[in-house]
Each structure stands twice: as C-alpha cells, then as structure tokens.
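# Coordinate analysis (summary)
So the chains spell out like this:
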Amino acid sequence: MRSRRRTIVTLLVSALSSLLALTGPVVAQSANRELIDGLEYQLLYVALPLTLFVLLILIYAAVKFHDNDDPQPTREDPALEITWTAATAIILLFVGLSGYSVLVSPYVSPSQALEGDDRPQGGFESFEDLPETDDEEIYVTGYQWEWQATYPGANVTTEDEIVIPADENVTIWLTSDDVIHSLFVPDLSVKQDAFPGRYTRARTIAYEPGRHTAVCAEFCGPGHSRMEAEVVVVDPETYDRWLEENEGTVTTAPTPG
Ligand SMILES: [Cu+2]
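Every value quoted in this text rests on a predicted model; they were computed, and no experiment measured them.

We now examine the pairing of strand 4 (residues 161-165). Counting buried residues along strand 4, four of its five residues qualify, which places the element largely inside the surrounding structure. With five bridges joining them, strand 4 and strand 10 (residues 228-234) adopt parallel strand pairing. Bridged to isoleucine 162 within strand 10 is valine 231.

Now the structure itself:
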C-alpha cells in the first residue's frame, strides 16, 4: 500500500515538473506571438495549481473513503455552495478578461487599428475600399496552390516568399484568386483567411530577422498540403535596398540579416 502511494506521488510530481519545464521562458518572434504565448502561460499558471488541487482532493477522498460501507449523501450547505459558485465565477471572469485583452490588440484583431466606418466585419469588398495605414503594406494573393506577394511601393513580386521588414508594423492584405485559403505563420502567430473577391488583413511586427514557414490552413484542393511559403524577415535597410534593386521584377527574397 505504502509503495503504491509513493508511486502515485512520484508520478504526479514528475508530471508536474515536466509541465513546468515546458512553460519555461521563450523569446517571442513577433508581437502577436508575445501576446498569445503570454495569454497561454497566464492561463496555464492558474490552471496547473487548480488541477493539482482537484487531483489531490480526489486522491484524498479515494484513499480515505475506499472501504466506507455506509456512505452518506452530502447535506445542504449554502456556505459551501456560495463559495464554489463565487470561486468559479472569479476564475471564469479572469479567463474572459485575459482573453479579451489579447483579442482587442490591433495585432491580433487588425480592425482594432482602424476607426469607426473603416472597421468592416469580414474584410473589404474591393481594392479601392482599402483604408490607408501607416504600416508597411504587402499584398498577398493565394491561389491553387501558391502564394504570391507584391510590394506596392516598388512593384516587386515574389512567389511563395513573403518578405517583411523587422521591427516595423506590417499589414498583409490578403485575397484569393480561386477558393478560400488561409495564411498561417505559426512562428509569428499570424493566421488569416483569404477569400476570393474580398480583402482581409493580417498585421504583425516581427522582432528579429529570420525565416519562418507559412502554410495554407484552409483545405483548398489536392495541392493544399504543398501550399507552403516562407516569410523572410529582414532588417529595414536590407528590405528597402532589396525593393529598390528589384523594382518592377519578379524576384526572390534577400538573405535575412
Ligand atoms: Cu490553400
């Protein structure tokens, strides 16, 4: 009996410590990633002790009452009922407020960066409707099964590579030439659907030069699993020089740095 108890405790402790090891600090690659990771850790730090608390009560009850031949039902206990209702309400409020504070960020919900009438639900219907922004703007079109990016200021085009400057607010205006696609860049926590005949907006600020994989996250036909692109983050000087040198051409991304 004693050795079984010791095994259970050892298992619990090792499960908990490996979970905590997973939650070690990570360097976020973008503002979006920082916000979303921050929210996940915040919720995890609340969820872990609660889970442990419930597990311990469960184990305590199982051990203490396992040979009880005459179990009694729980009597009415208003104080206890008020306590668990209030505690649950506080936890739900905490989860709701934490989630809301991330959802309204202008990186996670780019329409929050716009004022009043400039905030349509579900994207803009035409190119002419797109509002002016202070961001570096890139137009990305998904089609079966490639991503094409154009950099309007310099009339540069890249295929399956999206080049963005580091440390600058970037808006990606997304559309599709055929069916619904979705641009998903896990490293940067950027994800936005692309619809034919509409323009949607993804927004980020990437912190470091580097390469990140982008995939299509909306099943779009037999080539869906191969619909990959690379997001190449370069420093702003390299970005400007690259645009200047390649004006009016279809080209490839510069080396990050
Ligand atoms: Cu697709």
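Turning next to the domain arrangement of the chain. Structurally, the chain comprises domain 1 (2-64 + 79-103) and domain 2 (124-251). Contact residues are listed per partner, giving six residues for domain 1 and nine residues for domain 2. Here the residues of the side of domain 1 that touches domain 2 are counted per class, giving two nonpolar, three polar and one charged.

Turning next to the sheet that holds strand 3 (residues 156-159). Read across the open sheet, the six strands follow the order 8-5-1-2-3-11; overall the sheet is mixed. The two strands at the open ends of the sheet, each matched to only one other strand, are strand 8 (200-204) and strand 11 (250-251). The pairing of strand 3 with strand 11 spans two bridges and is classified as parallel. Within the sheet, the bridge partner assigned to threonine 157 lies in strand 11 and is valine 250.

Parameters at a glance
Per chain, residue numbering runs from 1 following the sequence as it is written. Local features are withheld for residues below a pLDDT of 70 in this predicted model, meaning they are given only at 70 or higher, and side-chain atom pairs are given and counted only at 80 or more; totals for whole chains, interfaces and linings count all residues. Any residue whose C-beta has 12 or fewer other C-beta atoms within 10 Å is treated as exposed, any with 20 or more as buried, and any in between as partly exposed, C-beta atoms being built from the backbone. Helix and strand assignments follow DSSP, with helices taken as H or I runs no shorter than four residues and strands as E runs no shorter than two, numbered in order from the N terminus. Strand pairing requires that DSSP identify at least two bridges connecting the strands. An automatic or database domain assignment supplies the start and end points of every domain. Contact definition: two residues whose C-beta atoms, as placed from backbone geometry, lie within 7 Å. Lys, Arg, Asp and Glu make up the charged group, whereas Ala, Val, Leu, Ile, Met, Phe, Trp, Tyr, Cys and Pro make up the nonpolar group; the residues left over, Gly among them, are polar.

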